[in-house]
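Descriptive structure summary
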Amino acid sequence: MSSPPSRLTPVDDLSESEAETELKNLAIEIARYDQHYYQLSQPSTDDGTYDALRRRNTAIEARFPNLVRPDSPSDKVGASPAAGFAKIRHSVPMLSLGNAFDDAGMAEFIARARRFLKLEESEPVSLMAEPKIDGLSASLRYENGVYVRGATRGDGEEGEDVTENLRTVIDLPGELQGGDIPEVIEVRGEIYMELQDFAALNREREAEGEKIFVNPRNAASGGLRQIDTALTAKRRLRLFAYGWGETSEPIGGSYGDFLEHLKSWGFQVNPWAARCKSLDAGLDHYRRIAAERVNLPYEIDGVVFKIDRIDWQQRLGAAGREPRWAIAYKFAAEQAETVLEKISIQVGRTGTLTPVAELEPVAVGGVTVSRAQLHNEDEIKRKDIRAGDHVIVQRAGDVIPQIVRVLADKRSAGSKEYVFPSTCPECGSIALRESGEAASRCTGGLTCPAQAIERLRHFVSRDAFDIEGLGERQIKAFWEEGLINSPADIFTLEERDKSAEQPLAGRKGWQEKSVANLFAAIATRREIPLERLIYALGIRHIGQTTARLLARRYGDFSALRDALGAAAQRDSEAYADLVDIDGIGSAAAEALVDFHTEEHNAETLDALDAALDITPFEAPAATSPVSGKVIVFTGTLTQMSRAEAKARAEALDAKVSGSVSSKTDYVVAGEAAGSKAKKAAELGVTVLSEQEWLDLIGGYTNLH
Ligand code: IVH
């Protein structure tokens, strides 16, 4: 890692030969970071460090124009898009895990699962505990016992086809052994590198003058994405198997038994995986693994706990991307001391002013950290954080580094309390903090460049339009050059380019080929599912889950726009309908209506409608007897918790609502059902008993 800019010779004092050497090193270093960022999707440094390197490069070039290199980083917007691995859609999504940070968090996890399943107190809940390997997950498909395909996790829905690279993984059986092998099974597990192999790799890279990897995970991840599989093989990647995706026959019994099957088929299962009959036994095992951590030949960052009974796992299902039946109990974070150089302010896409701590770079757990999150004004006040302070920074897993506390005894005499700005640092508009809100927001709206760029960035991000080759840097450059001002401009770029005075292909960093690739990538995204478009708009409070709920409720784009238009009248049925969607609170409803009323946004929506082929919401293929029906649960259910009933109904594509109206299809009345059942009777809505409901949905219990 390069030393912090503050310790470098000031640009004005550099001799010509020093400048030449430095420019050469900067070109190499920046190209490597670009490659990690763009081609391997694994940034190997933070934005602050990267920007500092680029600024320094520009400054030196400005002073020594004759030394500008043919491969100067300032001539490039970024590296070419990732050399294409084909995409693979996971038929069963690859989930992530919620976290617990202490014993209480674990107790809460078990309590939640018990409540959800409505278990008797005397009913024991057996857990499986195993190390959380710090690698990357992969899904391996076997047909008739033969390995046929393998993919990375990607965004959980869609990963990259790395079939051939995975073949080189040391522990990957090409053919399964033993009996009881399903016709089709996707085995999931963690790809990782052993510490000794990692150290050897870095020694070799160092000797060859190449940049070393910061941790085994990055090395493993980069290794898996090599175009040349011989290079993947050299990394000596390994695999611990721990799960499954699509299978031709259901997996039953217990997770512990499944691990035994994996072993008999020839997979490596982590030797520290153990069945724990109670939470206390689980916590004991956690401490055993924590104590053993330093002796393990690979990196782990916690212990994963899974509820052992698979029928319970299936009933528990997932909330968003996190299963309710598994959790990661993380090890305590790593900390280090450094100096906070200054507090800077970032402006987000909804105008939120976020303070960021700019730090003197420091190594924390093997990664260089030069920025930390400060959340908001109140946090800075509460911790009394000031520029120049010595602080403790902490980094836990993938979480953004945080400031734990200030070392007040090291504070210098002249230090001044931090004053949060009252205007937007990007556009100068007044920044307001609404009552009850923690954040100040820029009131500049569309006139604020930072908001405009952030919104575009969100629009093309992975879970939104996901346009390859159109990343943060390109968006910024296009915005600054006035080529893309609003989302719809992306889709007219190619047409405008044809008659442009200065076409893209001649501009800095763009060649015929990269321009053609970009236009092709944009063209493939003209067809977009409604829910992705809604999410891409970046409306406050509207994330992926709420976007999906909206798409599902309104079906297509014009119905959605009509509904939001009508909902501007707060006493309208349309507004009541909107708020009534389970999962859409009043904050989200207000944000939607506000967004829709804003004139500029209406123009944007018109333009997008004209440029795109927005596909209506597609209900999940397996229709159920209650698919599309509106259900209200009321009273006390005896065979399952309200949460499970709701999750199950939603998994069967029904809509669960909190109140009875003429739109309700069924009211499911448990014991002591009150006014809602009465209202249903008045409106002529069918009322079902809990048993009648279960009979109705019976046979559709396959939950995923
Ligand atoms: S189970 C539905 N088990 O942790 C459960 N994950 O933070 C999904 N990981 O994406 C995963 N070791 O890459 C599981 N023993 C283990 C794991 C493990 C590491 C990773 C995995 C996952 C991530 C979630």
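First, a word on what this report is: a plain description of the structure on this page. Quick caveat: nothing in here was measured; it's all calculated off a predicted structure.

Looking only at helices and strands, the chain features 24 helices and 26 strands. Rg of the C-alpha trace for the chain: 28 Å, near the compact-globule value of 27 Å for 704 residues, within the 12% margin. Expressed along its principal axes, the backbone C-alpha trace of the chain runs to roughly 85 × 65 × 60 Å. Counting all 704 residues of the chain, 47% fall into the buried class. Sequence-distant contacts in the chain: of pairs separated by 6 or more residues, those separated by 24 or more amount to 70%. Counting only carbon and sulfur atoms, one obtains 49% of the accessible surface of the chain, whose full area is about 33,300 Å². The positive charge centre, built from 84 side chains, and the negative charge centre, built from 110, are 2 Å apart in the chain.

What follows concerns the pattern of salt bridges. Applying the stated criterion across every chain yields a total of 48 salt bridges. Across the salt bridge formed by Arg-141 and Glu-186, the nearest N and O atoms sit 2.9 Å from each other. Highlighted residues: Arg-141 in strand β4 (residues 136-143) and Glu-186 in strand β7 (residues 184-192), separated in sequence by 45 residues. On the basis of relative accessibility, which here comes to 8%, the residue Glu-186 falls in the buried class.

This part covers the packing of aromatic side chains. All told, the structure shown has 14 aromatic pairs when counted by the stated rule. With a centroid separation of 5.7 Å and an interplanar angle of 55°, the aromatic rings of Tyr-142 and Tyr-147 are classed as tilted. Classification of Tyr-142 as buried rests on a relative accessible area of 0%. We classify Tyr-147 as buried; its relative accessible area is 3%. Aromatic pair Tyr-286 and Phe-331: ring centres 5.6 Å apart, planes at 45°, arrangement tilted. Placement of Tyr-286 in helix α9 (residues 279-292) and of Phe-331 in the loop between β13 (326-330) and β14 (334-347) is noted, with a sequence separation of 45 residues between them. Both residues of the pair, Tyr-286 and Phe-331, belong to the buried class.

Attention shifts here to the site of the ligand. Among the 14 residues in the neighbourhood of the ligand, the closest are listed as Lys-132, Ile-133, Glu-190, Tyr-242 and Lys-306. Between the ligand and Glu-190 there is a distance of 2.7 Å, counted from an oxygen atom to a side-chain nitrogen or oxygen. Across the shell around the ligand, the residue classes tally to eight nonpolar, one polar and five charged.

A word on the sheet that holds strand β25 (residues 666-669). The strand order across the open sheet formed by four strands is β24-β23-β25-β26, and the pairing between neighbours is parallel. Taken across any chain shown, the strands that pair with only one partner, and hence form the sheet edges, are β24 (655-656) and β26 (686-689). Two elements, strand β23 (residues 630-634) and β25, share four bridges in a ladder whose sense is parallel. By the bridge assignment for β25, Thr-634 is matched with Ala-669. Those strands touched by helix α24 (residues 690-697) are β23, β25 and β26, and its axis lies near 95° from that of β26.

Our focus in this paragraph is the sheet that holds strand β5 (residues 146-152). Strands sit in the order β5-β4-β7-β8 across an open sheet of four strands; the sheet is antiparallel. Two strands bound the open sheet, and with one partner strand each, they are β5 and β8 (238-247). Each adjacent strand pair in this sheet contributes to an overall mean axis angle of 30°, direction not counted. Of the pairings in the sheet, the one linking β4 to β5 comprises six bridges and is antiparallel in character. Looking at β5, one finds that Tyr-142 is bridged to Tyr-147.

A few words now on the pairing of β26. As defined by bridge partners, β25 adjoins β26 across four bridges and the pair is classed as parallel. Its bridge partner lying in β26, Ala-669 is registered against Ser-689.

We now examine the packing of helix α17 (residues 544-554) against helix α19 (residues 573-580). The contact between α17 and α19 brings their axes to 11 Å, and the two run at 130°. Considered as vectors, α17 and α19 are oriented oblique to each other. In terms of crossing hand, the pair formed by α17 and α19 is right-handed. Where α17 abuts α19, its residues Leu-550, Arg-553 and Tyr-554 lie against Ala-574, Asp-577 and Leu-578. Partitioned by chemical class, the residues of the contact of α17 with α19 number four nonpolar, no polar and two charged.

Over its 13 residues, helix α21 (residues 599-611) runs 19 Å from end to end, which matches the ideal 18 Å to within 8%, given 1.5 Å per residue. Three or more residues of α21 are buried, namely Asn-601, Thr-604, Leu-605, Leu-608 and Ala-611. Down the axis of α21, the buried set is contained in an arc of 130°. They therefore lie on one face. In α21, the exposed positions angled more than 90 degrees off the buried face are occupied by Glu-599 and Ala-610. As for α21, its buried residues are in contact with α12 (449-459), α16 (530-536), α18 (557-567), α20 (586-597) and β22 (613-615).

Definitions and limits used
Residues numbered from 1 in each chain as written. Predicted model: local features only at pLDDT ≥ 70, side-chain atom pairs only at ≥ 80, totals over all residues. Heavy atoms only, no water. Helix = DSSP H or I, 4+ residues; strand = E, 2+ residues; numbered from the N terminus. Rg over C-alpha atoms; globule rule 2.2 N^0.38 Å. Buried < 20%, exposed > 50% of the residue type's maximum accessible area, 1.4 Å probe, protein only. Contact = heavy atoms within 4.5 Å. Areas by Shrake-Rupley, 256 points an atom, 1.4 Å probe, with all protein chains shown as cover. Lys, Arg positive; Asp, Glu negative; His and termini not counted. Charge placed at Lys NZ, Arg CZ, Asp CG, Glu CD. Salt bridge = Lys/Arg side-chain N within 4 Å of Asp/Glu carboxyl O. Phe/Tyr/Trp six-rings, centres within 6.5 Å; stacked < 30°, edge-to-face > 60°. Near = heavy atom within 4 Å. Polar contact = N/O pair within 3.5 Å; in protein donor to acceptor, adjacent residues only side chain to side chain. Nonpolar A, V, L, I, M, F, W, Y, C, P; charged D, E, K, R; others polar. Pairing = 2+ DSSP bridges. Axes fitted to C-alpha atoms, helices over the stretch in contact; angles between N-to-C directions. Parallel < 35°, antiparallel > 145°, perpendicular 65-115°, else oblique. Left-handed = near helix turned anticlockwise from the far one by under 90°. Expected span 1.5 Å × (residues − 1). Arc of directions from axis to C-beta.

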